[in-house]
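Take a look at the letters that make up each chain.
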Amino acid sequence: MFNNKLALSKQKYSFFYFLILLSFFFSPSRVFGQKKDSLPYPIQDRRANAIINPSRNPFDIPDDSLLINRKVEYDSLTGNYIIYEKIGDLFYRNPMEISFQDLLKLRGQQDENQYFSDRAKALDLLNYKQARPKPTIYPSFFNRTFGVTKTGKLVDIRPQGNIDLKVGYQGQYVNNPTLSTSARRTGGFDMNMNANINVLADIGSKMTLPISWNTQSTFDFENQLKLNYHGYDDEIIKSIDAGNINFRTKGTLMSSVQNLFGIKTQLQFGKLFVTAALATDRSQKQTLTLQSGGVSQTINKTLDDYDENRNFLLSQYFRQHFNQFMGKLPLNQSLVNITRMEVWLTNRTGTTTNARNIVGLADLGEAQPYNSNIQPLITTNNLPDNSANNLYQQLSNSTTARNGSLATTYLQSLGLLPVQDYEKVYARKLTEGTDYTYNSKIGFINLNSQLQSDDVLGVAFQYTYNGKTYQVGEFSSDVALDSTSGIQKVLFVKLLKATAQRINLPIWHLMMKNVYSLDVAGIDSSSFKLNVYYKEPGGGTKRYLPTSSESTKGESLLTILNADRLNSLESPQPDGQYDYLNGYTVLPNQGRIIFPVLEPFGHDLDSLAFTGVSSDVKSDYIYSALYDSIKSIAQTYTNYNRYLLMGTIKGTSSSQISLGAVNIPQGSVTVSVGGQILTENTDYAIDYTSGTLQILNQSILSSGQQVSVQFENNTTTTLQRNFMGLRLDYVASDKLSIGATMEKLTERPYTNQTYYGEDPINNTMYGVDFNYKSEWPGLTRWLNKLPNYSTKATSSINAYGEAAVLKPGQPSQIGSGTSATVYIDNFESASSSYDVRTPFTSWALASTPAGTTLFPEAELNDSINYGMNRARLSWYNIDAILQDKTNTSNPLRHNLSALSDLRTRAVYNNELFPSASTATSNTQLTTFDMTYFPSDRGPYNYANSSSEVNAQGKLLNPEKRWGASCVLFHKQISKLTI
């Protein structure tokens, strides 16, 4: 069988070789000659197998390519090796045989070549840099350092929360012909990201990372970043805390600090425990005094800080009559009596009960609507009512306007604009007493929580006037569920606040800017003493205005503002204190006061105190920006911010007292009576979130003793405060422990100029303490020897003592050593600067200089010779774009000679003020440029005689000519310094 197979194989290969020889003799290249290869580096095909004759051409198919399937088989009959090369199922090369001897010889030659090649490279290999082994952390090292979690994991991270990413594009096109075409169109991508993430990560059993971060949190202390490492009992490093930390002491003289952000570690060396902390203090300690259960607090408040976005008038009618109704209290002249009200606010809580789509309308119920597309219907009085104009009639009769998805389109078809005229929002109904209160006579509403800047507030109210009932807006019971579609219809209400503040709209004036929060709830009328002061530059604080009209000269500010008309018994006799009228001038439960005029330091102060006074004088006192600008901008007018509210108030006697702070750091509250520290949850309870203190021990209230409450307030820090603390605890025995404490608090001011009472500190405190506690059985035995006395209770002895010393100091910014510099008054506002450059359009042609013999024509009237010596003077301002060589809109950006011309080049701050320092960089100044041509005739110069002008029209004797421009000063100037 094997012989037959071998014979067939030989016949097959013989026939194959015959075909190859036949194709060789009859090939075209054999007959006509071989053509020259056109490749610069021809590919030569190999004639043998890849083992004997390997291919070394990099452009050819490599021998070890995956495309070629090479297989070597041993033929047991011939003792040779057969090499097969296929591409797929086709033979790529003819099978070739090689004997065992040839294969062995070929293999030996390859090994010999490799040997000598390695010997030749030996020297190079010795010079090679040895590769470093990769660092390896063995599990045993990780376990010793961090341990293993309870679930057996080395690292366990559990994130929760959400990340909201908003991406958009904002662009605008301003069709301004003065701008270049490319400058008219501006825009760019607008991206906003909000994150609310909670992460609880465990690294072994020793380290935890509790992280809570919300980008929309109101206060920084609401975001918690922590790293906690706790060692085992037999380790030196007991704990390492980073992020939000606290520093605790065991004494009363050396107080603990709770709200710190930094690093803290605790070490143990035998019986000695060492605790060290280095952090930033993000709170400030405050102390309140309670007398008979009430909070006694000193008030010192600047009156630019009104209670924003919390108090609103219900309509323009109540604004127009506010001063009238409040001016005769306690006699109420208002005939209005509000009997019913619903208040709607943007639903941010996610509640579904008492929530629906509303449309707030700014002109609803207004007799004089702001939008010209709305027609007034009532002209006899200005009482607010749905029938006061035709807006409510158009909307209430339209089914489209009631549809939540079509309401916006319908309102715009009526010529109404969003924010200006209406707001559509999904809102929730507020609860009276819990969320808001209102005055039924004067017509204003007071919210318990401050609104966000983009919240929408709407109301619907019903009132009686002279026995007749009026209504503004719709109540939720008036517009019920749509039975046909099963959805709620849109509710139309009066808009009090829109999503944006626009000072030119009427609803801007509905927000009351005469309400101020005193940060004390439950104001007691018996201890209510407040007054208004004016801080005169260089003259201290005064209860009266330094300058006013003759009728009000010498009167106090309270009297001028109608805030002091009554005494404590509400009799018409001024007593020099702010009038306390519950629900009108004082809201005791909310801790707010209301001035009886809407603009106490603006328009109303002008009409009450400066009648007949020139505008130049009263302009220094009228704080108009407080009422015609948003609060943050108005507070930048420091030269007008000179009105103060000062005095003392006390909260009403109650077991529950508000501390006037929220989110108080846990453990920072210390309550004491007569120097005795009270016990939390036994004598008192504290709600750290709302800042409410509850006195549990009623004997403290009934005793009438003074209660001192010390706590940390997160919202009052205005300086950068650095804290360093060191605590040593030596446990001598289970009965005796000795401790020492060092605390250092440094405040760093933002400027070198600090005022008296606001000067920063750099204080260091040192303290020592001891605590001894032991049982004393002998005392029990001695007491039992007394007649008629027997006890089995264990007696003990407790001894505690501490001492502390304070080393005061100040930061280096205000002084060194024992000397420091603070300002009682820097007199910066005693003189005010006036920029004569701006506005540029106010400059005008000046008259001929009079009072000199140089220009006698100045005395002429109704004569063309009045300007005979006037030469040409030009004044102008060069646009900063034309001075910027990097601006593509500048046609002169490549003309460096023009940009460097002294007459037109840019002028920088350090060129005029080389010693001054700017906050950012060397800024470019806005210049007011003038060019004088003494040989050219100026405006209204009609000189044409040969003694005045030459043949070219140029003026002769240019040194005797003049040119002038002038500007009007809008302030009275007693002394001018340039």
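Residues numbered from 1 in each chain as written. Predicted model: local features only at pLDDT ≥ 70, side-chain atom pairs only at ≥ 80, totals over all residues. Heavy atoms only, no water.

Student: What should I look at first to understand the overall build of the chain in this one?
Tutor: From N to C terminus, the chain includes 20 helices and 43 strands. Buried positions account for 35% of the 978 residues belonging to the chain. Residue pairs at least 24 apart in sequence account for 63% of intrachain contacts in the chain once pairs closer than 6 positions are excluded. Only carbon and sulfur atoms are counted for the fraction: they give 53% of the accessible area of the chain, which is about 58,400 Å². (Helix = DSSP H or I, 4+ residues; strand = E, 2+ residues; numbered from the N terminus. Buried < 20%, exposed > 50% of the residue type's maximum accessible area, 1.4 Å probe, protein only. Contact = heavy atoms within 4.5 Å. Areas by Shrake-Rupley, 256 points an atom, 1.4 Å probe, with all protein chains shown as cover.)

Student: Is there a simple way to explain the pairing of strand E8 (residues 237-247) in this structure?
Tutor: Put simply, side chains in a regular strand alternate between the two faces of the sheet. For strand E7 (residues 224-230) and E8, the ladder comprises 5 bridges, and the chain directions are antiparallel. Looking at the pairing, Lys226 lines up with Gly243 of E8. Note that E8 and strand E9 (residues 257-269) share 9 bridges and pair antiparallel. From the neighbouring strand, Phe247 faces E9, where its bridge partner is Val257. (Pairing = 2+ DSSP bridges.)

Student: For this particular structure, what's the right way to read the environment of Gly360?
Tutor: Relative to the helices and strands, Gly360 is located in strand E15 (residues 355-361). Distance from Gly360 to Leu491, taken between C-alpha atoms, is 8.4 Å for residues 131 residues apart in sequence. When near neighbours in sequence (up to four residues on either side) are disregarded, Gly360 contacts Asp421, Tyr422, Glu423, Val493 and Leu495.

Student: Even after reading the chapter, I still don't get the pairing of strand E20 (residues 468-472), so can you show me in this structure?
Tutor: Across 5 bridges, strand E19 (residues 457-465) lies against E20 in antiparallel orientation. Counterpart to Phe461 in the pairing with E20 is Val472.

Student: Just checking my understanding: could you explain the nonpolar core for this structure?
Tutor: One recurring pattern in soluble globular proteins: nonpolar side chains tend to sit buried together. Of all hydrophobic cores here, the largest spans 93 residues; its most connected members are Ile445, Leu545, Ile593, Phe601 and Leu605. Per-element accounting of this core gives the leading share, 6 residues, to strand E14 (residues 336-346). Discounting chain neighbours no more than four positions away, the residues touching Ile445 are Arg310, Asn311, Phe312, Leu314, Met341, Val343, Tyr436, Thr437, Tyr438, Val459 and Leu496. Core analysis: the second largest hydrophobic core is formed by 19 residues, Leu288, Leu659, Leu678 and Tyr684 among them. (Core = buried A, V, L, I, M, F, W, Y, C linked by side-chain atoms within 4.5 Å.)

Student: Explain the sheet that holds E9 here, please?
Tutor: As a general point, the strands of a sheet are linked pairwise by backbone hydrogen bonds and lie either parallel or antiparallel. On the basis of which strands lie adjacent, the open sheet formed by 11 strands has the order E4-E5-E6-E7-E8-E9-E10-E36-E37-E38-E39 and antiparallel pairing. If you trace the sheet from one side to the other, it starts and ends with strand E4 (155-173) and strand E39 (796-807), each paired once. Going from strand to strand, the sheet's axes swing by 15° on average, the running direction of each strand aside. Where strand E36 (residues 720-731) meets strand E37 (residues 736-748), 12 bridges bridge the pair, whose relative direction is antiparallel. Its bridge partner being in E37, Phe723 is matched across the sheet by Leu745. (Axes fitted to C-alpha atoms, helices over the stretch in contact; angles between N-to-C directions.)

Student: Honestly, the pattern of salt bridges in this entry has me stumped. Any pointers?
Tutor: Close approach of charged atoms allows side chains with opposite charge to pair. A complete count under the given rule lists 28 salt bridges for this structure. A salt bridge links Asp936 to Lys954; the shortest N-O distance between them is 2.6 Å. In this pair, Asp936 sits in strand E42 (residues 929-937) while Lys954 sits in the loop between E42 and strand E43 (965-966), placing the two residues 18 residues apart along the sequence. Taking the relative accessible area as the measure of exposure, Asp936 reaches 14% and is therefore buried. Connected through salt bridges with shared partners, the residues Lys250, Arg727, Asp729 and Asp769 form a single ionic network. (Salt bridge = Lys/Arg side-chain N within 4 Å of Asp/Glu carboxyl O.)

Student: Sorry, what's going on with the side chain of Thr741 here?
Tutor: Residue position: Thr741 is located in strand E37. With relative accessibility at 5%, the residue Thr741 sits in the buried group. If sequence neighbours within four positions are ignored, Thr741 has contacts with Phe247, Thr249, Met254, Leu726, Arg727, Met765, Tyr766, Gly767 and Asp769.

Student: How should the sheet that holds strand E2 (residues 80-87) be read in this particular structure?
Tutor: An order of E1-E2-E3 is seen for the 3 strands of this open sheet, with the pairing classed as antiparallel. Only two strands of the sheet have a single partner each, and these edge strands are strand E1 (69-74) and strand E3 (90-99). Within the sheet, the average angular offset between the axes of one strand and its neighbour, ignoring direction, is 15°. With 7 bridges connecting them, E2 and E3 associate as antiparallel partners.

Student: Would you mind showing me how to read the environment of Val731 here?
Tutor: Structurally, Val731 is set in strand E36. Note on Val731: relative accessible area 34%, which makes it partly exposed. In this structure, the C-alpha to C-alpha distance between Val731 and Leu272, residues 459 residues apart in sequence, is 6.6 Å. When sequence neighbours within four positions are dropped, the list of residues in contact with Val731 reads Lys271, Phe273, Leu736 and Ser737.

Student: Help me understand the side chain of Glu712 in this model?
Tutor: With respect to the secondary-structure elements, Glu712 resides in strand E35 (residues 706-713). According to the relative accessible area criterion, Glu712 is buried, its value standing at 1%. A polar side-chain atom of Glu712 sits 2.9 Å from the main-chain amide nitrogen of Gln258. Of note is the side chain of Glu712, whose polar atom sits 3.3 Å from the backbone nitrogen of Asn259. Contact partners of Glu712, with chain neighbours within four places excluded, come to Ser256, Val257, Gln258, Asn259, Ser283, Gln284, Lys285, Ile664, Pro665 and Ser668. (Polar contact = N/O pair within 3.5 Å; in protein donor to acceptor, adjacent residues only side chain to side chain.)

Student: How do you make sense of a nonpolar patch on the surface when you look at a structure like this?
Tutor: A surface patch of nonpolar side chains, about 880 Å² in accessible area, is lined by Ile163, Leu165, Val167, Tyr169, Phe189, Met191 and Met193. Sorting the residues of the nonpolar patch by element identifies E4 and strand E5 (185-203) as the ones contributing at least two each. If one sorts the elements of the nonpolar patch by residue count, E4 sits on top with 4 residues. Along the polypeptide, Phe189 turns up in strand E5. (Patch = residues over 30% accessible without salt bridge, like charges linked within 9 Å, V, L, I, M, F, W, Y side chains within 5 Å.)

Student: In this structure, what is going on with empty space enclosed by the protein? I would like to understand it.
Tutor: Tallied over the entire structure, the rule returns 5 cavities of 30 Å³ or more. Along its surface, the largest cavity is lined by Asn309, Phe312, Leu496, Lys497, Ala498, Ala500, Gln501, Arg502, Leu505, Ile507, Trp508 and Met511. Here the lining of the largest cavity is composed, by residue class, of 8 nonpolar, 2 polar and 2 charged. Computed from the structure, the second largest cavity encloses a volume of approximately 70 Å³. Broken down by class, the residue content of the lining of the second largest cavity amounts to 5 nonpolar, 1 polar and 3 charged. (1 Å grid on protein atoms, 1.4 Å probe; cavity = no way out; pocket = protein on both sides within 12 Å on 5 of 7 lines; lining within 4 Å. Points joined across faces, edges and corners; volume = space filled by probe spheres on them. Nonpolar A, V, L, I, M, F, W, Y, C, P; charged D, E, K, R; others polar.)

Student: Sorry, what's going on with unusual backbone geometry here?
Tutor: With an omega dihedral of 10°, the bond running from Leu329 to Pro330 counts as a cis peptide bond. Within the element layout of this structure, Pro330 appears in the loop between helix H8 (322-326) and E14. Backbone geometry places Glu570, a non-glycine residue, at a positive phi of 65°. Residue placement: Glu570 occurs in the loop between helix H12 (557-560) and strand E27 (586-587). A positive phi is found at Asp862, a non-glycine position, where the angle reads about 55°.

Student: Just checking my understanding: could you explain the packing of aromatic side chains for this structure?
Tutor: Each aromatic ring pair is described using two quantities: the centre-to-centre distance and the angle formed by the ring planes. Scanning all chains against the criterion turns up 24 aromatic pairs. Judged by centre distance (5.3 Å) and plane angle (75°), the rings of Tyr115 and Phe116 are edge-to-face. With relative accessibility at 45%, the residue Tyr115 sits in the partly exposed group. Judged by centre distance (5.4 Å) and plane angle (80°), the ring pair of Tyr317 and Phe318 falls under edge-to-face. The pair formed by Tyr317 and Phe318 is uniform in burial state, with each residue classed as buried. Pairwise contacts between aromatic rings join Tyr516, Phe528, Tyr534, Tyr578, Tyr580, Phe595, Phe601, Phe610, Tyr621 and Tyr643 into one cluster. Looking at Lys513, its charged tip hangs above the ring of Trp508, at a distance of 4.3 Å from the centre. (Phe/Tyr/Trp six-rings, centres within 6.5 Å; stacked < 30°, edge-to-face > 60°. Lys NZ or Arg CZ within 6 Å of the ring centre and 35° of its normal.)

Student: Looking at this structure, how should I read the environment of Gln813?
Tutor: Relative to the assigned elements, Gln813 resides in the loop between E39 and strand E40 (844-845). Gln813 gets classed as partly exposed once you look at its relative accessible area, which sits at 27%. Along the backbone, Gln813 and Pro760 are 53 residues apart, and their C-alpha atoms lie at a distance of 9.4 Å.

Student: Would you mind going over the confidence of the model for the chain with me for this structure?
Tutor: Detailed reading of the predicted model is not advised wherever pLDDT is low. With 88% of its residues at a pLDDT of at least 70, the chain reaches an overall mean of 83. When pLDDT is averaged over each element of the chain, E19 comes out on top at 96 and helix H1 (residues 2-25) at the bottom at 42. Confidence over residues 1-34 falls short of pLDDT 50; this stretch has 8 contacts with residues more than four positions distant or in other chains. (pLDDT = per-residue confidence, 0-100.)

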